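One-letter residues, chain by chain:
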Amino acid sequence: MAESDIYTGDGTVDIKGNPAIKSKTGNWKTCPFILGNECSERLAYYGMSTNLVNYLIDRLNQGSAQAAKNVTNWSGTCYIAPLIGAFLADAYLGRYWVIASFSCIYVLGMTLLTLSASIDGLKPTCHDGKCHATSGNVAMFFVALYLIALGTGGIKPCVSSFGADQFDETDEKEKKRKSSFFNWFYFSINIGALVASSVLVYIQENVGWGWGFGIPAVMMTLAIVFFFSGSKLYRIQKPGGSPLTRLAQVIVASLRKYNLKVPTDKALLYETEDSESGIKGSRKLDHTKELSFFDKAAVQTQHDQVKGFFNPWRLCTVTQVEELKSIIRILPIWASGIIFSTVYSQMSTMFVEQGDKMDPSIGPHFNIPAAALSIFDTLSVIFWVPIYDRLIVPLVRRYTGHERGFTQLQRMGIGLAISIFSMVVAAVVEIIRLDRVKKYNYYDLKHMPMSIFWQVPQYFLIGAAEVFTFVGQLEFFYDQAPDAMRSMCSALSLMTVALGNYLSSLLVTIITHVTTRHGKLGWIPNNLNHGHLDYFFWLLAVLSILNFLVYLWIARWYKYKKTTGGFS
């Protein structure tokens with residue numbers, strides 16, 4: 001039997017550092033452990049974050065706008081922190097050990113959060129429905145919260161890429177399964193979110209916040225158990241050294257040679273002679289014509305050698321240059337995800353505050369918390385993932401001839417279009433709600449007699465948009481990233497969620513400042529019955545339309561990467 005049939009061709013190793021044997025490692029056999037880990041971790045994350053805005057309002061006594069800003073700022077940090085984990089994974093530790101180490105920080109944060117909500121002296125004191133939090137209570141709460149942000153941020157860019165690493169890039173059969181993996185990876189996220197947004201939100205509202213935060217802490221511990229249980233079966237990609245250093249070397253070398261002309265014959269540009277790349281865990285990249293200024297870094301001169309060795313800050317390989325070009329080409333696509341993430345962030349802020357003013361009753365004895373309505377977003381994802389994977393892809397494949405049905409860019413674009421309608425529906429629901437408030441003088445009612453289930457379509461539409469855009473992003477940033485920078489590019493895709501949250505927070509701040517001048521209550525007052533939240537939703541709809549049009553223009557000129565040779 002040929003060696004290529006025994007070992008993986010993508011340079012992966014097993015947990016002991018030996019070349020990974022195809023029949024004994026990776027593929028779908030490892031997925032139960034990775035998907036189980038992701039499902040449990042997401043249950044923990046959403047279990048403590050879905051209803052967080054209400055904890056800040058009810059227990060820490062914050063106003064609606066302040067609570068919304070704190071949630072979006074924290075959520076944004078959760079999606080900025082992946083840059084730390086991704087850098088360590090790609091450069092030094094590898095994805096396996098980053099997931100293992102940052103999971104411990106995650107559990108520590110979850111434990112402190114549980115203590116801050118359950119132990120006398122650490123939790124806010126409440127009497128007759130009014131709560132008072134000391135500065136110490138608030139400090140411990142936010143320390144725990146940002147430890148969780150560091151923990152989840154560290155592992156988040158690595159888990160999806162680590163799962164995709166289990167499928168050999170050089171094996172056509174395994175490569176096809178990888179696309180399906182990303183669908184089921186997102187499916188497992190939403191199974192965890194389903195339990196969080198239903199059972200755990202109910203526990204927080206009706207049993208207590210100590211239990212409501214304690215159960216997610218236990219689930220995060222279970223996530224670690226799931227992950228380590230599959231260690232003997234995993235394929236592990238070796239770290240390739242600092243990607244930031246390689247990118248900086250190309251920029252510096254290009255600037256040093258700014259006055260040189262790039263030869264017409266691109267074969268004269270510097271590249272390693274072997275079929276493999278000089279970067280661990282990476283294949284060679286084909287030369288591309290665009291962004292030709294950076295090709296100067298691969299032009300050889302007599303000054304490039306020092307004591308018989310090439311100076312990497314003066315001469316770079318074509319593959320290094322193409323790594324930088326790949327990142328630059330990805331950035332416009334990346335930027336188009338920020339507005340989409342701003343729309344997505346409304347589920348944990350403005351949708352909840354809108355729902356708080358509506359009738360939450362289901363029959364005479366049961367009330368559904370407003371935050372629990374996000375269950376319909378989750379159900380939408382759980383509904384659409386198998387439909388997309390098993391029905392839409394085969395059907396579209398017949399007409400397009402593309403193995404994935406839609407291209408990755410087409411898939412993301414469809415999601416951006418769907419997200420516009422979610423904001424339109426949210427605005428229309430708010431117009432109808434405010435009309436009834438005005439007509440029947442419901443201004444001072446805690447819950448007006450309009451069912452909270454009017455919100456279901458806006459949640460369902462966002463769920464459908466996620467299946468197209470967020471899953472498309474997972475696949476796009478893994479596939480189009482240079483081989484040795486996949487964690488970093490996954491972190492970049494997650495960073496759009498962070499910037500979306502920050503943009504939402506900025507918009508709320510600006511709108512509050514502008515619309516409350518001269519003593520006016522503004523669009524988003526503490527009592528939304530006196531405001532115009534519908535204007536905010538219309539603003540997001542307009543921004544989404546503009547973003548979609550720019551995305552179509554960007555997607556037209558994007559060129560997918562091409563690799564050559566084997567893995568180093």
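What counts and how
- Residues numbered from 1 in each chain as written.
- Predicted model: local features only at pLDDT ≥ 70, side-chain atom pairs only at ≥ 80, totals over all residues.
- Heavy atoms only, no water.
- Helix = DSSP H or I, 4+ residues; strand = E, 2+ residues; numbered from the N terminus.
- Rg over C-alpha atoms; globule rule 2.2 N^0.38 Å.
- Buried < 20%, exposed > 50% of the residue type's maximum accessible area, 1.4 Å probe, protein only.
- Contact = heavy atoms within 4.5 Å.
- Areas by Shrake-Rupley, 256 points an atom, 1.4 Å probe, with all protein chains shown as cover.
- Lys, Arg positive; Asp, Glu negative; His and termini not counted.
- Charge placed at Lys NZ, Arg CZ, Asp CG, Glu CD.
- Disulfide = S-S within 2.5 Å.
- Core = buried A, V, L, I, M, F, W, Y, C linked by side-chain atoms within 4.5 Å.
- Phe/Tyr/Trp six-rings, centres within 6.5 Å; stacked < 30°, edge-to-face > 60°.
- Lys NZ or Arg CZ within 6 Å of the ring centre and 35° of its normal.
- Polar contact = N/O pair within 3.5 Å; in protein donor to acceptor, adjacent residues only side chain to side chain.
- Expected span 1.5 Å × (residues − 1).
- pLDDT = per-residue confidence, 0-100.
- Axes fitted to C-alpha atoms, helices over the stretch in contact; angles between N-to-C directions.
- Parallel < 35°, antiparallel > 145°, perpendicular 65-115°, else oblique.
- Nonpolar A, V, L, I, M, F, W, Y, C, P; charged D, E, K, R; others polar.

(A) Representation of the overall build of the protein in the model. Per the secondary structure count, the protein includes 18 helices and six strands. Taken over C-alpha atoms, the radius of gyration comes to 25 Å for the protein, in line with the 24 Å a tight globule of 568 residues would show. For the C-alpha atoms alone, the extent of the protein along its principal axes is close to 80 × 50 × 50 Å. Per-residue burial for the protein yields a buried fraction of 57% across its 568 residues. A fraction of 83% describes how many contacts in the protein between residues 6 or more apart in sequence connect residues 24 or more apart. In the structure as shown, the protein presents an accessible area of about 23700 Å², 63% of it carried by carbon and sulfur atoms. Separation between the mean location of the 51 positive side-chain charges and that of the 42 negative ones in the protein comes to 3 Å.

(B) Local environment of the state of the cysteines. Across all of its chains, the model carries zero disulfides by this definition. Looking at the unpaired Cys-31, the closest cysteine sulfur is the one in Cys-39, lying at 14 Å. What makes Cys-31 buried here is its relative accessible area of 3%. The structure places no disulfide on Cys-104, whose sulfur is separated from the nearest cysteine sulfur, that of Cys-158, by 14 Å.

(C) Spotlight on the environment of Ser-198. If you trace the backbone, Ser-198 turns up in helix 8 (residues 172-206). On the basis of relative accessible area, Ser-198 is assigned to the partly exposed category, the value being 24%. In the structure, Ser-198 is positioned 151 residues away from Gly-47 in sequence and 9.1 Å away in space, judged by C-alpha atoms.

(D) The arrangement of the side chain of Thr-152 in detail. Tracing the chain through its elements places Thr-152 in helix 7 (residues 135-164). Sequence-distant contacts of Thr-152, that is, excluding residues within four places in its chain, are made with Glu-41, Arg-42, Tyr-45, Cys-78 and Tyr-106.

(E) Quick look at the nonpolar core. In terms of nonpolar packing, the biggest core is built from 152 residues, with Trp-74, Phe-141, Met-220, Phe-536 and Phe-537 touching the most fellow members. In this structure, Phe-537 is in contact with Met-350, Phe-351, Gln-354, Met-423, Ala-426 and Ala-427, ignoring residues within four places of it in sequence.

(F) Here's a closer look at unusual backbone geometry. The backbone phi angle of Asn-27 is positive, close to 60°, even though this residue is not glycine. Mapped onto the fold, Asn-27 is located in the loop between helix 1 (3-6) and helix 2 (31-49).

(G) Spotlight on the packing of aromatic side chains. Within the structure shown, the criterion is met by 39 aromatic pairs. Aromatic pair Tyr-96 and Phe-228: ring centres 6.4 Å apart, planes at 80°, arrangement edge-to-face. Taken together, the residues Tyr-96 in helix 6 (residues 95-118) and Phe-228 in helix 9 (residues 209-229) connect sequence positions 132 residues apart. An angle of 55° between the planes, with centres 5.4 Å apart, marks the rings of Phe-476 and Tyr-558 as tilted. Of this pair, Phe-476 sits in helix 16 (residues 456-480) while Tyr-558 sits in the loop between helix 18 (533-557) and strand 6 (563-564); the two residues are 82 residues apart in sequence, bridging distant segments of the chain. The exposure classification of Phe-476 matches that of Tyr-558, with both residues buried. Here the aromatic cluster, defined as three or more aromatic residues joined through ring pairs, consists of Trp-28, Phe-167, Phe-181, Phe-182, Phe-185 and Tyr-478. In this arrangement the basic side chain of Arg-42 is found over the ring face of Tyr-45, its NZ or CZ atom lying 4.2 Å from the centre.

(H) Broad picture of the environment of Ser-229. Here Ser-229 lies in helix 9. Sequence separation between Ser-229 and Ala-193 is 36 residues; the distance between their C-alpha atoms is 23 Å. Polar contacts involving the side chain of Ser-229 include one to the main-chain carbonyl oxygen of Val-225, which spans 2.6 Å.

(I) Up close: helix 11 (residues 318-335). With 18 residues, helix 11 extends 26 Å between its outermost C-alpha atoms, agreeing within 8% with the 26 Å of an ideal straight helix rising 1.5 Å per residue. With 14 of 18 residues buried, helix 11 lies mostly within the body of the structure.

(J) Looking closely at the confidence of the model for the protein. Summarising the model, the protein shows a mean pLDDT of 85, and 97% of its residues fall at 70 or more. Helix 1 is the least confidently modelled element of the protein, averaging 66 in pLDDT, while helix 18 averages 93, the highest of any element.

(K) Layout of the packing of helix 8 against helix 9. Relative orientation of the contacting elements helix 8 and helix 9 amounts to 150°, with a least axis distance of 6 Å. It follows that helix 8 is roughly antiparallel to helix 9 by the angle criterion. Seen from helix 8, the contacting residues are Leu-200, Ile-203 and Gln-204; seen from helix 9, they are Trp-209, Trp-211, Gly-212, Phe-213, Ile-215 and Pro-216. For the contact of helix 8 with helix 9, a count of residues per class yields seven nonpolar, two polar and no charged.

(L) Region of the structure containing helix 15 (residues 408-440). Here helix 15 spans 49 Å end to end across 33 residues, near enough to the 48 Å set by a 1.5 Å rise per residue. Of the residues flanking the end of helix 15, it is Asn-441, one or two places downstream, whose phi is positive at about 55°.

(M) The arrangement of the packing of helix 4 (residues 64-80) against helix 7 in detail. Where helix 4 meets helix 7, the closest approach of the two axes is 7 Å, and the angle between their N-to-C directions is 35°. Two secondary-structure elements touch here, helix 4 through Asn-70, Asn-73, Trp-74, Thr-77, Cys-78 and Tyr-79 and helix 7 through Phe-142, Leu-145, Tyr-146, Ile-148, Ala-149, Thr-152, Gly-153 and Lys-156. Counted by class, the contact of helix 4 with helix 7 contains eight nonpolar, five polar and one charged residues.

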